[in-house]
Amino acid sequence: MGLGRRGARGPGRLITQPPPPQRRGRGGGPAVDNKATKRAADRPAHGGSMSTADRSHAAGAAPDSDPGRMAVASTYQRFEPRAYLRNNYAPPRGDLNNPDGVGPWKLRCLAQTFATGEVSGRTLIDIGSGPTIYQLLSACAHFEDITMTDFLEANRQELGLWLREEPGAFDWSVYSQHVCLIEGKGESWQEKERQLRARVKRVLPIDVHQSQPLGAGSLAPLPADALVSAFCLEAVSPDLASFQRALDHITTLLRPGGHLLLIGALEESWYLAGEARLAVVPVCEEEVREALEHSGYEVRDLRTYTMPARLQTGVDDVKGIFFTWAQKKVGV
């Protein structure tokens, strides 16, 4: 997904501005042009710039004439953040008690990568956050300035509810508790959530199908030291070539030597978010690796998870999940 309000965070509060009138988008994670929508937040982890719930977004970009991306964007206008969250972050997929579940697997991948100490710096951008925040729970200890993004305004609004601790916000405390448990630092889940809220400085519109995904004059400090993106690019791209271009576009936001943590769906062609049935470009492990290498990355780690039958609940046709840690080559 990738919608949210453009804004900056001041001491103790999140300041938001409405996105430029040209575009709207959906909400953890994909970015698509006003006419090329993005997927929703995070699927069994989708959350990304077009996370399964939201995919990506962009503000103030020129109109998109590509009919495939226009169709994607149009479909995302029916994306329902709460339905997406229920489908993917409530039981059974949201049950974190089973260590073999998709939720614990994603959280372990992220925690273990940040525990290396190599993925750190000052600034991090979450591409296509969708309506989810779990993808940043381990990151927030390593970056002091975090930008969340989404194409869909509905997703950005959902994020704002949680960041401002407003009534009715989705309860992520089970995820926060699980991350504290696997990190083993003795931190309370309340401390973890306070740190993340304090370090998210802005929530911006994004469109991964534009050469400047955050638009001209973005409020986000660029280039970033690291990028995170969950269930975004494949969810907002009508074909593999579009997926590759979107990856190229977000790579321009990252400094040479910076790190990208990418989570996505394997061999998925559709998913549901309320009344919306959203198309996904099916990708396999090797296609993900090749796309990263083509965009100028060294693949440091690539893991896959096979979705068990008990978690195939009819809300999508996902076969598995991939997690990759890639580092942008110097000179790219």
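Please refer to the structure placed before this passage.
Everything numeric in this text was worked out from a predicted model, so none of it was measured. (Residues numbered from 1 in each chain as written. Predicted model: local features only at pLDDT ≥ 70, side-chain atom pairs only at ≥ 80, totals over all residues. Heavy atoms only, no water.)

1. Quick word on the overall build of the protein chain
When you go through the protein chain residue by residue, the secondary structure sums to nine helices and 13 strands. The 332 residues of the protein chain split such that 62% are buried. Surface exposure of the protein chain reaches about 11,500 Å², of which carbon and sulfur atoms provide 50%. (Helix = DSSP H or I, 4+ residues; strand = E, 2+ residues; numbered from the N terminus. Buried < 20%, exposed > 50% of the residue type's maximum accessible area, 1.4 Å probe, protein only. Areas by Shrake-Rupley, 256 points an atom, 1.4 Å probe, with all protein chains shown as cover.)

2. Describing the pattern of salt bridges
The full count for this structure, using the stated rule, is 12 salt bridges. A salt bridge links R93 to D316, with the shortest nitrogen-to-oxygen separation between them at 2.6 Å. On the criterion of sequence distance, the pair formed by R93 in the loop between α2 (81–89) and α3 (102–115) and D316 in the loop between β12 (297–306) and β13 (320–328) is long-range, its members being 223 residues apart. Both residues of the pair, R93 and D316, belong to the buried class. Here R300 makes a salt bridge to E118, at a shortest N to O gap of 2.7 Å. Of this pair, R300 sits in strand β12 while E118 sits in the loop between α3 and β5 (123–127), and the two are 182 residues apart along the sequence. Assessed through its relative accessible area of 30%, R300 is described here as partly exposed. By sharing partners, the salt bridges in this structure join R122, D145 and R202 into a single network. (Salt bridge = Lys/Arg side-chain N within 4 Å of Asp/Glu carboxyl O.)

3. Brief notes about the environment of T149
Among the secondary structure elements, T149 is positioned in strand β6 (residues 145–150). Taking the C-alpha atoms as reference points, T149 and G130, 19 residues apart in sequence, are found 7.7 Å from one another.

4. Thoughts on the pairing of β5
Counted residue by residue, β5 has five buried out of five residues, so it is predominantly covered. Of the two faces of β5, the one carrying T123, I125 and I127 and the one carrying L124 and D126 are both buried. When β5 meets β6, the two strands line up parallel, connected through four bridges. In the strand pairing of β6, I125 is matched with T147. Of the strand pairs in this sheet, β5 and strand β8 (residues 224–230) are connected by four bridges, and their pairing is parallel. (Pairing = 2+ DSSP bridges.)

5. Some details on the sheet that holds β6
One open sheet accounts for seven strands, arranged β7-β6-β5-β8-β9-β13-β12; its pairing is mixed. Of all strands in the sheet, those with a lone pairing partner are β7 (200–205) and β12, marking the two edges. Sheet twist, expressed as the mean angle between neighbouring strand axes with direction ignored, is 15 degrees. The sheet contact formed by β8 and strand β9 (residues 254–266) spans six bridges and is parallel. When the sheet's bridge partners are listed, A230 is paired in β9 with I263. Each of β9, β12 and β13 is contacted by α3, which is oriented at about 15 degrees to β13, the strand it contacts most. (Axes fitted to C-alpha atoms, helices over the stretch in contact; angles between N-to-C directions. Contact = heavy atoms within 4.5 Å.)

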